[in-house]
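# Coordinate inspection notes
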Amino acid sequence: MNKSEFLELHERNRPLTLLNVWSKESAKSLENSGVKIVASSSFGAASSTNQDDGQHISIEEATAVFDELSPYTFRSLDFEAGYSDDAYGFQRNIEYLFNKKINGINLEDKLPGENNIQGIKEFTEKINILHATDTQNKLFINVRTDSFFQGDIILQNKNTDLLRDTIERINHYEKYAIDSIFIPGLKNKEFIRTISRNVSVPLNIMLDIEKDSIEDYLSLGISRISFGPSTYIEKSKTNIAVDRYFKQKINQLSYLDNNELINLARR
């Protein structure tokens, strides 16, 4: 699957729904369950090796999650803030992704350990480096903005000024040829509907696989749903094998897929 084929799966009101993985075993188990897209969780990858999230694992460890997958499986990496503090290191890391056959990334606009998201100019310079390095335009860029994922998330989801500022930020990012926008922490359904109406790229939100109901978030203009660390957290509470865990999740969600309400990207 190439970038354009992956983009086509981002349909408004039939969101591409991804069960995030955290290890080689979980990635292979998800692939074996019949799914053709495997997306990682940085929190899950770090926690599964007893490390903290926030680029505390190396980029080599982060990408190793995909090492045992078929070459035909689309690999979407949680790239955090790029695993580097400088432009040269960031560029080298993008080149490394190509060597590891990574097809898509989530790129955050907040640096690890920082309380505030980056300035628009600073972050879009990073996007420019990405495009200059990806000369063949192969990498799907899902930009993650953390405006709703800091501070008191409940209060943030009531903040209409933040809603306006987030739309303005996304509109600016769109000028730099991003492929989609990811807003973890965003749960206010009217806010979701408003953002989807005011941006041109597909909208990705993150749900908690234990606490949230997908049905509550359909018909809002969402094109992609991720579960982030919640798959790892839920699986960690059980003693079942990881392959059985993903088969159960696929079976539970299959009725929505069969009725074309979501897209699990099954083979």
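Described below are features of the structure shown in this document. (Residues numbered from 1 in each chain as written. Predicted model: local features only at pLDDT ≥ 70, side-chain atom pairs only at ≥ 80, totals over all residues. Heavy atoms only, no water.)

In terms of regular secondary structure, the chain is built from eleven helices and eight strands. Here the chain has a C-alpha radius of gyration of 17 Å; the compact-globule value for 267 residues is 18 Å, and the two agree. Looking at the 267 residues of the chain, the share that counts as buried comes to 56%. The contacts of the chain with a sequence gap of at least 6 include a subset with a gap of at least 24, amounting to 68%. By element, 44% of the accessible surface of the chain is carried by carbon and sulfur atoms, the whole surface being about 12,000 Å². Counting 32 positive and 39 negative side-chain charges, the chain places the centres of these two groups 4 Å from one another. (Helix = DSSP H or I, 4+ residues; strand = E, 2+ residues; numbered from the N terminus. Rg over C-alpha atoms; globule rule 2.2 N^0.38 Å. Buried < 20%, exposed > 50% of the residue type's maximum accessible area, 1.4 Å probe, protein only. Contact = heavy atoms within 4.5 Å. Areas by Shrake-Rupley, 256 points an atom, 1.4 Å probe, with all protein chains shown as cover. Lys, Arg positive; Asp, Glu negative; His and termini not counted. Charge placed at Lys NZ, Arg CZ, Asp CG, Glu CD.)

Of note, N204 is situated in strand β7 (residues 203-206). Relative accessible area serves as the criterion here: at 0%, N204 is assigned to the buried category. Excluding residues within four positions of it along the chain, N204 makes contact with N142, I181, F182, I183, R224, I225 and S226.

A word on the nonpolar core. In a soluble, globular protein the nonpolar side chains are often hidden away together inside. Core analysis: the largest hydrophobic core is formed by 66 residues, its most contacted members being F79, I105, I181, I195, I205 and I214. Every residue in contact with F79, bar those within four places of it in the chain, is listed here: Q55, I59, F90, N93, I94, L97, I105, N106 and L107. Formed by nine residues, the second largest nonpolar core is a distinct cluster that contains F6, I37, F74 and F140. (Core = buried A, V, L, I, M, F, W, Y, C linked by side-chain atoms within 4.5 Å.)

What follows covers the packing of helix α6 (residues 120-133) against helix α8 (residues 160-174). Where α6 contacts α8, the axes come no closer than 10 Å and their chain directions differ by 30°. As α6 runs across α8, the sense of the crossing is right-handed. Note on element contacts: α8 touches α6 through R169, H172 and Y173, opposite I120, F123 and T124. Of the residues contributing to the contact of α6 with α8, the split by class is three nonpolar, two polar and one charged. (Axes fitted to C-alpha atoms, helices over the stretch in contact; angles between N-to-C directions. Left-handed = near helix turned anticlockwise from the far one by under 90°. Nonpolar A, V, L, I, M, F, W, Y, C, P; charged D, E, K, R; others polar.)

Structurally, S76 can be placed in strand β3 (residues 74-78). A relative accessible area of 3% means that S76 is categorised as buried. Leave out the neighbours within four places in its chain, and S76 touches V38, A39, S40, F66, G104, I105 and R224.

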